[in-house]
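# Observations on the three-dimensional arrangement
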Amino acid sequence: MTAARARRSPAEPAAAPTLTEGLVPLIRARSIAPADLDAMALIVLDGIANMLAGRATEPGRILRRWGADRRDPGRRALVMGGCMHVLEVDDLHRGSVTHPGCVVIPAALALADGEEADGETFLRAVLHGFEAVCRVGMSVGPAHYRVWHNTATCGPFGAAMAAASLIGLDDEAAVHALGNAGTQSAGLWEFLNTGAMSKHFHAGRAAEAGVVAAELAAGGGGGGPRGPGGGAGAELGGGGFAGPPAILEGPQGLYAGACPDADPDAVLRRPDAPWQVHATSIKPWPSCRHTHPVIDAALELSARVDAAEIAGIEASTYRAAVDVCDRPAPTSPYEAKFSLQHCIAAALADGAVGFESFEAGARDRLAGLRSRVRVGAGEPYMSDYPAAWGGAVTVAFSDGRRVSAARRQCKGDPEAALDGDAMARKARELLRFGGVAEPETVIEGVLAMAGGGKVPAFDI
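Residues numbered from 1 in each chain as written. Predicted model: local features only at pLDDT ≥ 70, side-chain atom pairs only at ≥ 80, totals over all residues. Heavy atoms only, no water.

## A look at the overall build of the protein
Of regular secondary structure, the protein possesses 21 helices and six strands. Relative to a compact globule of 460 residues, whose C-alpha radius of gyration would be 23 Å, the protein shows 22 Å and is just as compact. Here the protein holds 460 residues, and the buried ones make up 59% of them. Contacts in the protein between residues far apart in sequence, at least 24 positions, make up 78% of those at least 6 positions apart. With the model as given, the accessible surface of the protein reaches about 16,900 Å², and the carbon-plus-sulfur share is 52%. Of note, the protein has its 43 positive side-chain charges centred 3 Å away from the centre of its 53 negative side-chain charges. (Helix = DSSP H or I, 4+ residues; strand = E, 2+ residues; numbered from the N terminus. Rg over C-alpha atoms; globule rule 2.2 N^0.38 Å. Buried < 20%, exposed > 50% of the residue type's maximum accessible area, 1.4 Å probe, protein only. Contact = heavy atoms within 4.5 Å. Areas by Shrake-Rupley, 256 points an atom, 1.4 Å probe, with all protein chains shown as cover. Lys, Arg positive; Asp, Glu negative; His and termini not counted. Charge placed at Lys NZ, Arg CZ, Asp CG, Glu CD.)

Here it is, written out as structure tokens:
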């Protein structure tokens, strides 16, 4: 029981556990199989490759300059999280509409740095963090996402859960950490209207929030990995910095403030379901995940169409994709990554979508074809979302012919997962983009963690 809830008189009945008081033991009681660690290692590889590639971008350079003299774990987590999210090709969990990796992995890396941390302990902590951010994310409801960026608002819970595991907080202190992580929840979609860099900051700030919350729950001592039950939280008996145990469902908690159609039961629902890492998608194309179903469909059609003969293009998808990515005339690479119209045009015209697809030359070249794309929300994709993120593309020709392709899921989703070789190829491309001289060393070092190898050190 947390300190805040211990103020009742002895005659009062024990209060029912709050959602975070239920979530912490739910996660920690679950068994972890070798297959779970292997899956987590592949996603950690993807995240680290994204982070090292993100260093080579302008937002990444700004973050690194800012963080050069700030070496505490929280600030390192902020820089790493921001860099990991820059290229828009990191992981995505559909049910929660979050990018867990760019929040949880940096928090764990920042605490493990220089500590000779055991790889299996690290992967278990990240697995716990993924579970927390995804379960909270699945509870906030679709209306939350219209204004709030779920990765930013739900991410601190995952970062705090991973950090609590690594620094050895007991259950009571971990609840404090989640409470103070949740009170830092923030992150608004307004950045999309100008193409600002805030989305990268969202990821990094959520990672930092979780690290700081866990360190404070440990009594302010912080420190590196010590394993469950062996850290300051356990030694202090929960005497660290107290956080609100009902941060989610309380009368002035997250749901009350920002979630008009919350589903609180989702936090603890299906406690024996597979770990959420197995429900996490890997992005094969460097654009907003909402664009991927129509990219996948358009790529199928690309070999069957001649762009010069296209009279019009219709795209049908789910409402959230239209709300976020209906951008017919993007003026920057980042806006193009959030443009259904541009992504469809690139896939149809070029038969491929890569980093170069969003640069000025490609935007200019594809402007005519892009202007022929009309997007809208339709069934079955609206009803499927968020369990499935789908879409369809129909191309109409000047002679009256029409061809269509549809996706209920797309490449990289668990139903069409990238295998280990494909994940390694993607990591290799990202690492080369980031100027890493020996990509194989990074790949082998990360994957070795599932077998007990040490956590590799990275210069961010």
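## Here's the deal with the nonpolar core
By size, the foremost hydrophobic cluster in this structure holds 99 residues, and its most contacted members are V44, M51 and F122. The biggest single contributor to this core is helix α2 (residues 34–54), with twelve residues. Contact partners of M51, with chain neighbours within four places excluded, come to M80, C83, M84, L109, F458 and I460. The next biggest cluster of nonpolar side chains, apart from the first, holds 47 residues, and it includes A298, L348, F358 and Y385. (Core = buried A, V, L, I, M, F, W, Y, C linked by side-chain atoms within 4.5 Å.)

## A closer look at the packing of aromatic side chains
In this structure the tally under the stated criterion is seven aromatic pairs. Between Y318 and Y385, the ring centres sit 4.5 Å apart and the planes meet at 10°, which makes this aromatic pair stacked. Here Y318 is found in the loop between β3 (310–317) and α14 (319–325), whereas its partner Y385 is found in the loop between α19 (381–384) and β5 (391–397), with 67 residues between them in sequence. Comparing Y318 with Y385, the two get one shared label, buried. (Phe/Tyr/Trp six-rings, centres within 6.5 Å; stacked < 30°, edge-to-face > 60°.)

## Digging into the sheet that holds β3
Spatially, the four strands line up as an open sheet ordered β4-β3-β5-β6, and their pairing is mixed. Two strands bound the open sheet, and with one partner strand each, they are β4 (373–377) and β6 (402–407). In this sheet, neighbouring strand axes are inclined to one another by 15° on average, regardless of whether the strands run parallel or antiparallel. Examined bridge by bridge, β3 and β5 share seven bridges and lie antiparallel to one another. (Pairing = 2+ DSSP bridges. Axes fitted to C-alpha atoms, helices over the stretch in contact; angles between N-to-C directions.)

## Description of helix α16 (residues 340–350)
The element α16 is largely enclosed, with a buried count of nine among its eleven residues. L340, Q341, H342, C343, I344, A345, A346, A347 and L348 are the residues of α16 that are buried.

## Topic: the environment of A68
Secondary-structure assignment places A68 in the loop between α3 (58–67) and α4 (73–85). In this structure A68 comes out as partly exposed when scored by relative accessible area, which is 41%. As a C-alpha pair, A68 and R94 span 26 residues in sequence and 34 Å in three-dimensional space.

## Considering the pattern of salt bridges
Applying the stated rule across the entire model yields 23 salt bridges. A salt bridge links R407 to D296, with the nearest nitrogen and oxygen atoms 3.3 Å apart. Taken together, the positions of R407 in strand β6 and D296 in helix α13 (residues 292–302) put the pair 111 residues apart, joining distant regions of the chain. Classification of D296 as buried rests on a relative accessible area of 12%. A cluster of three or more residues bridged by salt bridges with shared partners is formed by R94, R289, D413 and E415. (Salt bridge = Lys/Arg side-chain N within 4 Å of Asp/Glu carboxyl O.)

## A short note on unusual backbone geometry
The amide bond that connects E379 to the next residue, P380, takes the cis arrangement and shows omega of 5°. Secondary-structure assignment places P380 in the loop between β4 and α19. In this chain, Y385 is followed by P386 through a cis amide linkage whose omega measures 5°. Checked against the element boundaries, P386 lands in the loop between α19 and β5. If you check the backbone angles, E88 has positive phi at about 60° while not being a glycine. Looking at the secondary structure, you find E88 in the loop between α4 and β1 (92–93). The phi dihedral of V97 is positive, around 55°, even though this residue is not glycine. Take V97: its relative accessible area is 9%, and that puts it in the buried class.

## As for the packing of helix α5 (residues 101–112) against helix α8 (residues 150–166)
Where α5 meets α8, the axes come as close as 8 Å, and the angle between the chain directions of the two elements is 30°. For the pair α5 and α8, the sense of crossing is right-handed. Across the interface between the two elements, C102, V103, V104, A107, A108 and L111 from α5 touch T151, G155, P156, G158, A159, A162, A163 and L166 from α8. (Left-handed = near helix turned anticlockwise from the far one by under 90°.)

## Focus on α13
Within α13, ten of the eleven residues are buried, which leaves it mostly tucked inside the rest of the structure. The elements touched by buried residues of α13 are β3, α16, β5 and β6.

## Focus: the packing of helix α20 (residues 420–433) against helix α21 (residues 439–447)
Relative to each other, α20 and α21 sit at 135°, their axes nearing to 9 Å. When the interaxial angle is binned, α20 and α21 end up oblique. Here the hand of the crossing between α20 and α21 comes out right-handed. Here A424, A427, R428, L431 and R432 of α20 lie close against α21, whose contacting residues are P439, E440, V442 and I443. By residue class, the composition of the contact of α20 with α21 is six nonpolar, no polar and three charged. (Parallel < 35°, antiparallel > 145°, perpendicular 65-115°, else oblique. Nonpolar A, V, L, I, M, F, W, Y, C, P; charged D, E, K, R; others polar.)

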